[in-house]
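Secondary and tertiary structure notes
Residues per chain, in single letters:
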Amino acid sequence: MAISRPLPAFSPFTGAIRALAIDAVQKANSGHPGMPMGMAEIAEVLWRHHLNHNPANPKWSDRDRFVLSNGHGSMLIYALLHLTGYDVSIDDLKNFRQFRSRTPGHPEVGHTPGIETTTGPLGQGITNAVGFALAEKLLAGEFNRPGHTIVDHHTYVFLGDGCLMEGVSHEAASLAGTWGLGKLIAYYDDNGISIDGHVEGWFTDDTKGRFEAYGWNVIGPIDGHDAAAIDAATVAAKAQSEKPTLIICKTVIGMGSPNKADSHDSHGAPLGAAEIEAVRETIGWKHAPFEIPADIYAGWNAKEAGAAREAAWNDRFAAYRATFPELAAEFERRMKGELPGDWQAQRDAAIAKIIAKGETIASRKASQNAIEAFAPALPELLGGSADLASSNLTRWSGSKTITKTSGGNYLCYGVREFGMTAIANGLALHGGFIPYTATFLVFSDYARNAIRMAALMKQRQIMVYTHDSIGLGEDGPTHQPIEQIASLRLIPNLDVWRPADTVETAQAWANGLERQDGPTLLALSRQNLPFSPRSDEQLADIRRGGYVLTDADGAKAVLIATGSEVGLALEAQKLLAAAGIPVRVVSMPCTNLFDRQDQAYRDSVLPAGLPKVAIEAGVTGNWYRYVGGKGTVIGIDRFGESAPAGELFKFFGLTPDYVKKAVEELV
């Protein structure tokens, strides 16, 4: 439709953004041109006049972070990266959305230089950004000293109507206000359009009032196509540091398109050749597709200014190092994601003490003990729980709760499982912290997409999920996870651990802390689990995800179990031995790790010729790949019941006698 408001004075710098966006989407015959066209003025003001970054070093630690939360408009950030001098070529733009190009359909961290986080699932970008801003505030409080400021950067976010409709953005916005993240600045692309059309029928929130209630500094609405207004709003946002800022920018989606602006027609489809020519005429862009004049490149190029900014910071850091050498070394270590030099010795000593105690306790308590043992050596460990700290047991003796006015190492997220996990992704992406989060396992469903994003982005986050089965008892089927562990194991690059005792729990924690290419999830029990003695070889084999815990000469079958069911399998082994049937017990705390072992090792643990019984208090389907066509799986393929845990295990057939009968039928 025709634009009813006066057209802005299109600058050649915004023309370059609009032209690259429409040309790339047209060439790909796929993509979202409307948002880049509608946010071009906002992008030009921020990236040319305010953003502190160095295209030659996208990993400079004190750079401003930029997050495109409305990631479907990815050609906006690709155009910006190309124009300002990042290693994103014009050929990369021509290959937009093509197989294995550097410009995929949505921005992907680690794939394209200058991308800070993977966005596309709406609402998670702004939530990651809360994690970025929180990390900056905490690191500044920890490392800056009078006269020596080495952590001092902003986090900028672009977001749209869809991000604000998603509930996770409000979980995060509420916490950002509570924590006083004054260096978080978000630009709301208030264009009133989503895929289905004008949003009045499904989005009538008082956004300004809502964010003010969350404790944000709200500026606007302003004209999102008025560069002077955008600049003034940005200056005002940066001038205060007490509250996060939302700048409401009234924009027209597809601005510059004479026939498709202010319409969902420009949202998620190419404009078409005829309309692209009309856009060029409207915005005064007289150049061929993918052609940028040299003077426009020169006006955008941020390499020289970026190098100067980083050089100035390097000088400040050199002075800091001279005055505070230990702090400087610690800052560099943490920003690189490296563990302390004596980590392995500390880890082994801690696990040795746990073995010496030989405690029979719940694995959630064993997890707390592991945190207590490891955390003093890891100041980067930043914990938190979704209002269940006393149940998840995530606090340790050195925990200090973070508030608006004081730093610490523990976060009270409130009942916000999704927001918690996505914020922790931002903390991990920023660098300087290893975040761990916690809630009940059944509520992993609330956090599911942020768990998936952690795995997709290969971020080190440790997720503590307690009350892992019907063993939680009387809370009943609403709180008893049945299908959760099996479904979580299906997420690529997520290591799901269900440890059987204190030693496996500590080793699961150690693996998660050491792993730098993905998240680790711990499924932990409410009820006590018996301690099992192990040889040094078995202790090492825990790190392989599955191993022989106890064996018997002439074993006629293999029992495979995880978590609380390992103790059950050991009891069944005794009953079977008394009946003249020797069996092997395999503990498999992490099927994902076990699956990554070589075939020879897997065959040595699960010999092909022996019948197998898998035991786990959850859905059975995934276990048939380990027991084979002639094996048996003992589990639960229905929802639970409300009753004491002992009664439930008997009711569902998770008892040594039942396992004994199952083996007898097989052999």
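Nothing here was measured: the structure is a model prediction, and the numbers come from that model.

Analysis parameters
- Residues numbered from 1 in each chain as written.
- Predicted model: local features only at pLDDT ≥ 70, side-chain atom pairs only at ≥ 80, totals over all residues.
- Heavy atoms only, no water.
- 1 Å grid on protein atoms, 1.4 Å probe; cavity = no way out; pocket = protein on both sides within 12 Å on 5 of 7 lines; lining within 4 Å.
- Points joined across faces, edges and corners; volume = space filled by probe spheres on them.
- Helix = DSSP H or I, 4+ residues; strand = E, 2+ residues; numbered from the N terminus.
- Nonpolar A, V, L, I, M, F, W, Y, C, P; charged D, E, K, R; others polar.
- Pairing = 2+ DSSP bridges.
- Axes fitted to C-alpha atoms, helices over the stretch in contact; angles between N-to-C directions.
- Expected span 1.5 Å × (residues − 1).
- Buried < 20%, exposed > 50% of the residue type's maximum accessible area, 1.4 Å probe, protein only.
- Arc of directions from axis to C-beta.
- Contact = heavy atoms within 4.5 Å.
- Polar contact = N/O pair within 3.5 Å; in protein donor to acceptor, adjacent residues only side chain to side chain.
- Parallel < 35°, antiparallel > 145°, perpendicular 65-115°, else oblique.
- Salt bridge = Lys/Arg side-chain N within 4 Å of Asp/Glu carboxyl O.
- Phe/Tyr/Trp six-rings, centres within 6.5 Å; stacked < 30°, edge-to-face > 60°.
- Left-handed = near helix turned anticlockwise from the far one by under 90°.

1. Looking at the layout of surface pockets
In this structure, the largest pocket encloses a volume near 720 Å³. Along its surface, the largest pocket is lined by 36 residues, and Met335, Lys336, Leu429, His430 and Gly431 are the ones closest to its centre. When residues of the lining of the largest pocket are traced back to their parent elements, those giving at least two are α13 (303–323), α14 (325–336), α18 (417–430) and β11 (434–440). Grouping the amino acids of the lining of the largest pocket by side-chain chemistry returns 13 nonpolar, 10 polar and 13 charged. Counted as a void, the second largest pocket has a volume near 320 Å³. Forming the boundary of the second largest pocket are 19 residues, of which Leu122, Gly162, Ser194, Ile195 and His267 lie nearest the centre. Contributing elements (two or more residues each) for the lining of the second largest pocket: α7 (161–165) and β4 (193–194). If one sorts the elements of the lining of the second largest pocket by residue count, α7 sits on top with 4 residues. By residue class, the composition of the lining of the second largest pocket is 8 nonpolar, 8 polar and 3 charged.

2. Focus on the sheet that holds strand β13 (residues 495–497)
What the 6 strands build is an open sheet, ordered β10-β9-β11-β12-β14-β13; its pairing is parallel. Looking at the sheet topology across the chains shown, the edges are occupied by β10 (410–412) and β13. On average, adjacent strands in this sheet sit at an angle of 20 degrees to one another, irrespective of strand direction. Where strand β9 (residues 381–385) meets β10, 3 bridges bridge the pair, whose relative direction is parallel.

3. Some thoughts on helix α10 (residues 227–239)
Along an α-helix, residues three or four apart share an orientation, since each turn contains 3.6 residues. Along its 13 residues, α10 runs 18 Å from first to last C-alpha, staying within 8% of the 18 Å computed at 1.5 Å per residue. All of the buried residues along α10 are Ile230, Ala233, Thr234 and Ala237. The buried residues of α10 occupy an angular sector of 100 degrees when projected down its axis, which confines them to one face. Structural note: α10 exposes Ala228 and Ala239 on the side pointing more than 90 degrees away from its buried face. In this fold, the buried residues of α10 make contact with α3 (40–49), β3 (184–190), β6 (217–223) and β7 (245–250). With a side-chain oxygen lying 3.0 Å from the backbone nitrogen of alanine 228, the N-terminal cap of α10 falls on aspartate 226.

4. Let's talk about the sheet that holds strand β16 (residues 547–550)
On the basis of which strands lie adjacent, the open sheet formed by 5 strands has the order β16-β18-β17-β19-β20 and mixed pairing. The strands lining the two open edges of the sheet, one partner per strand, are β16 and β20 (632–634). Neighbouring strand axes in the sheet, compared pairwise and without regard to direction, differ in orientation by 30 degrees on average. Of the strand pairs in this sheet, strand β17 (residues 557–561) and strand β19 (residues 612–615) are connected by 4 bridges, and their pairing is parallel. Looking at the pairing, isoleucine 560 lines up with alanine 614 of β19.

5. Focus on unusual backbone geometry
Trans is the prevailing form of peptide bonds, just as negative phi is the prevailing case for residues other than glycine. Between glycine 220 and proline 221 the backbone carries a cis peptide bond, its omega angle lying at 15 degrees. Mapped onto the fold, proline 221 is located in strand β6. Despite not being glycine, arginine 100 shows a phi value in the positive range, around 60 degrees. Here arginine 100 lies in the loop between α5 (90–94) and α6 (124–143).

6. What about the packing of helix α1 (residues 12–28) against helix α11 (residues 273–283)?
Where α1 contacts α11, the axes come no closer than 11 Å and their chain directions differ by 175 degrees. In terms of orientation, α1 lies roughly antiparallel with respect to α11. Contacts between α1 and α11 pair Gly15, Arg18, Ile22, Asp23 and Gln26 from the former with Ala273, Ile276, Val279, Arg280 and Ile283 from the latter. Grouping the amino acids of the contact of α1 with α11 by side-chain chemistry returns 5 nonpolar, 2 polar and 3 charged.

7. Here we look at the pattern of salt bridges
Going through the model one piece at a time under the given rule, you end up with 35 salt bridges. A salt bridge links arginine 316 to aspartate 62, with the shortest nitrogen-to-oxygen separation between them at 4.0 Å. Here aspartate 62 lies in the loop between α3 and β1 (65–68) and arginine 316 lies in helix α13, a separation of 254 residues in the sequence. Here aspartate 62 falls in the buried class, since its relative accessible area comes to 5%. Each of Asp468, Arg489, Arg498, Glu565 and Glu616 takes part in one network of salt bridges that share partners.

8. With respect to empty space enclosed by the protein
Scanning the entire structure with this criterion turns up 4 cavities of 30 Å³ or more. Put simply, the largest cavity is a space of about 100 Å³. Lining of the largest cavity is provided by 14 residues; of these, His53, Asp64, Tyr86, Gly114 and Glu116 occupy positions nearest its centre. Across the lining of the largest cavity, the residue classes break down as 6 nonpolar, 4 polar and 4 charged. If you add up the space inside the second largest cavity, you get close to 50 Å³. Residue lining of the second largest cavity: Asp468, Pro481, Ile482, Ile485, Ala486, Arg498, Glu616, Ala617, Gly618 and Val619, and that is the complete set. Here the lining of the second largest cavity is built from residues that sort into 6 nonpolar, 1 polar and 3 charged.

9. Description of the packing of aromatic side chains
Here the structure, examined in full by the defined rule, presents 22 aromatic pairs. Between the aromatic rings of phenylalanine 66 and phenylalanine 158, the centroid separation amounts to 4.9 Å while the plane-to-plane angle is 85 degrees, which identifies the pairing as edge-to-face. Separated by 92 residues along the polypeptide, phenylalanine 66 in strand β1 and phenylalanine 158 in strand β2 (residues 155–160) bring together distant segments of the chain. Where phenylalanine 143 meets phenylalanine 331, the ring centres are 5.3 Å apart and the plane angle is 70 degrees; that geometry is what we call edge-to-face.

10. Side note on the packing of α6 against α18
Packing of α6 against α18 brings their axes to within 7 Å, and their N-to-C directions diverge by 55 degrees. Our classification of the angle between α6 and α18 gives oblique. The hand of the α6/α18 crossing is right-handed. Here Gln124, Thr127, Asn128, Val130, Gly131, Phe132, Leu134, Ala135, Glu136 and Leu139 of α6 lie close against α18, whose contacting residues are Phe418, Gly419, Ala422, Ile423, Asn425, Gly426, Leu427, Leu429 and His430. Looking at the contact of α6 with α18 residue by residue, the classes come out as 10 nonpolar, 8 polar and 1 charged.

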